[in-house]
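Topology and contacts: notes
Okay, here's what each chain looks like letter by letter:
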Amino acid sequence: MTDVQTDPFADIRPYHDNEVQAAISRLIADQEFIDAILHYRFPHLAGSFGWVLSPAVKFFLKRKWAKLKTVAEVQLQVATFMDQMIAKSTAKVTYSGIERLDPQKSYLFISNHRDIAMDPALVNWSLHQQGFDTLRIAIGDNLLRKACATELMKLNKSFISKAQR
């Protein structure tokens, strides 16, 4: 178990399995996160009926995510979301070259930076589809203005690159 008090990298490293439940609890308590889910899932109702839907979403998330204890389990939930999002938004997603990768070796993937969240999400989804372990994701702290974004990224094996200020 990592002692966050003595871990000099706790604020920038991905979460360990023993930190998953606390991070999920913080997400569910974050009203900005709940509002984002409401606007995504119920775009026409979120404004007028958000006050009614918000407790229901929190209850649903507590029940659904209570069983999640590891980063891998969180990533399986992300994969399910990705499957649904891809099915709803496009006819298909293709990728090539993955058959040339050796699961025993490490690789560096560099994105064209079209979308800081979706680029690594699609790479992870593709790797997951082929039975590979998902990758670590580097993200600049300038893209993590919201606490819930930081929680989500660290739950998804991301590490944070802090800019010199």
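In what follows, the structure referred to is the one given above.
Presented here is an overview of the structure given in this document. This structure is a prediction, so every number in the text was calculated from the model and none was measured.

Some thoughts on the overall build of the protein chain
A tally of helices and strands in the protein chain yields six helices and two strands. For the protein chain, the sequential pattern of α-helices and β-strands runs α-α-α-α-α-β-α-β. In terms of overall dimensions, the protein chain has C-alpha extents of about 50 × 50 × 35 Å along its principal axes. For the protein chain, buried positions account for 35% of its 165 residues. A separation threshold of at least 6 residues defines the contact pool for the protein chain, and within that pool the share at least 24 residues apart is 58%.

Focus: the nonpolar core
Formed by 19 residues in total, the largest nonpolar core has its most connected members in I24, F33, L61, W65 and L155. Elements supplying a minimum of two residues to this core: α1 (20–29), α2 (31–41), α3 (46–65), α4 (71–89) and α6 (147–155). Among all residues touching I24, those that are not within four sequence positions of it are W65, L68, V74 and L155. L135, I139, M153 and I160 belong to the second largest nonpolar core, which has 10 residues in total.

Some points on the packing of aromatic side chains
Counted by the stated rule, this structure contains three aromatic pairs. Taking 6.2 Å as the distance between ring centres and 35° as the angle between the ring planes, the aromatic pair formed by F33 and W65 counts as tilted. With F33 in helix α2 and W65 in helix α3, this pair connects stretches of sequence that are 32 residues apart. Of the residues examined, F33 reaches a relative accessible area of 7% and is grouped as buried. Residue class for W65 comes out buried when judged on its relative accessible area of 16%. Ring plane angle 90° and centroid distance 6.5 Å describe the contact between Y95 and W125, whose orientation is recorded as edge-to-face. With a gap of 30 residues between them, Y95 in the loop between α4 and α5 (118–129) and W125 in helix α5 connect regions that are remote in the sequence. What makes Y95 partly exposed here is its relative accessible area of 32%.

Each value, and the rule that gives it
- Residues numbered from 1 in each chain as written.
- Predicted model: local features only at pLDDT ≥ 70, side-chain atom pairs only at ≥ 80, totals over all residues.
- Heavy atoms only, no water.
- Helix = DSSP H or I, 4+ residues; strand = E, 2+ residues; numbered from the N terminus.
- Buried < 20%, exposed > 50% of the residue type's maximum accessible area, 1.4 Å probe, protein only.
- Contact = heavy atoms within 4.5 Å.
- Core = buried A, V, L, I, M, F, W, Y, C linked by side-chain atoms within 4.5 Å.
- Phe/Tyr/Trp six-rings, centres within 6.5 Å; stacked < 30°, edge-to-face > 60°.

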